Amino acid sequence: MKTKLPLSFCMLTLASLAFVVSGRAEEGKADKAPSKEMLKKYDSNNDGMISAEEKEAGKAAAKAEREVRRQAELEKYDENKDGKINKNERAKIMADKEAEMQAHKAEMAAKKAEREAKKAEMEAKKAERKAMKGEKDSK
Ligand SMILES: [Ca+2]
Ligand SMILES: [Ca+2]
């Protein structure tokens, strides 16, 4: 347990850092013309602009979404039902997230291996064709 906690903590820090960075990136975007993604998210009357009201509504929706996620997290992990996530419960969340991440990593590695295997196959076929052609030419 002692060896596992610092890693989880490190990942938590990394995750929140990534969140901050992506949050900043989105804020930066808002200053320029709205991106398609932003419009899809916020432009509810489809006039190609995001009004203050639409932005507020979007923010409220995002907040509601976060709240729903928090509630789901509580429902799943709040073992002593005190409405809060304590250290032990947080550790479980992190462990689950870590497992999820490892599974994702494994999936990516498997996909990469598959791609590489395909590439090797193509190379082999290419080499075979070349060899056959060479044989023909030498005849
Ligand atoms: Ca609009
Ligand atoms: Ca709790």
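Each remark here, short or long, concerns the structure printed above.
Summarised in this report is the structure supplied together with it. Keep in mind it's a predicted model, so treat the numbers as computed, not measured.

Time to look at the overall build of the protein chain. The secondary structure content of the protein chain amounts to four helices and zero strands. Its helices and strands in sequence order give the protein chain the pattern α-α-α-α, from N to C terminus. Across the 139 residues that make up the protein chain, the buried fraction comes to 1%. Taking contacts inside the protein chain between residues at least 6 apart in sequence as the whole, the part at least 24 apart equals 17%.

Let's shift gears to helix H3 (residues 52-77). Compared with the 38 Å implied by 1.5 Å per residue over 26 residues, the 37 Å span of H3 between its first and last C-alpha is a close match. Little of H3 sits inside the fold, with zero of its 26 residues counted as buried.

It is worth spelling out unusual backbone geometry at this point. Residue asparagine 46 is not a glycine yet carries a positive backbone phi of 55 degrees. Mapped onto the elements, asparagine 46 comes out in the loop between helix H2 (36-42) and H3. Non-glycine residue lysine 81 carries a positive phi angle of around 50 degrees. Structurally, lysine 81 is set in the loop between H3 and helix H4 (87-138).

Thresholds, definitions, all that
- Residues numbered from 1 in each chain as written.
- Chains lettered and ligands numbered in written order.
- Predicted model: local features only at pLDDT ≥ 70, side-chain atom pairs only at ≥ 80, totals over all residues.
- Helix = DSSP H or I, 4+ residues; strand = E, 2+ residues; numbered from the N terminus.
- Buried ≥ 20, exposed ≤ 12 C-beta atoms within 10 Å, placed from the backbone.
- Contact = placed C-beta atoms within 7 Å.
- Expected span 1.5 Å × (residues − 1).

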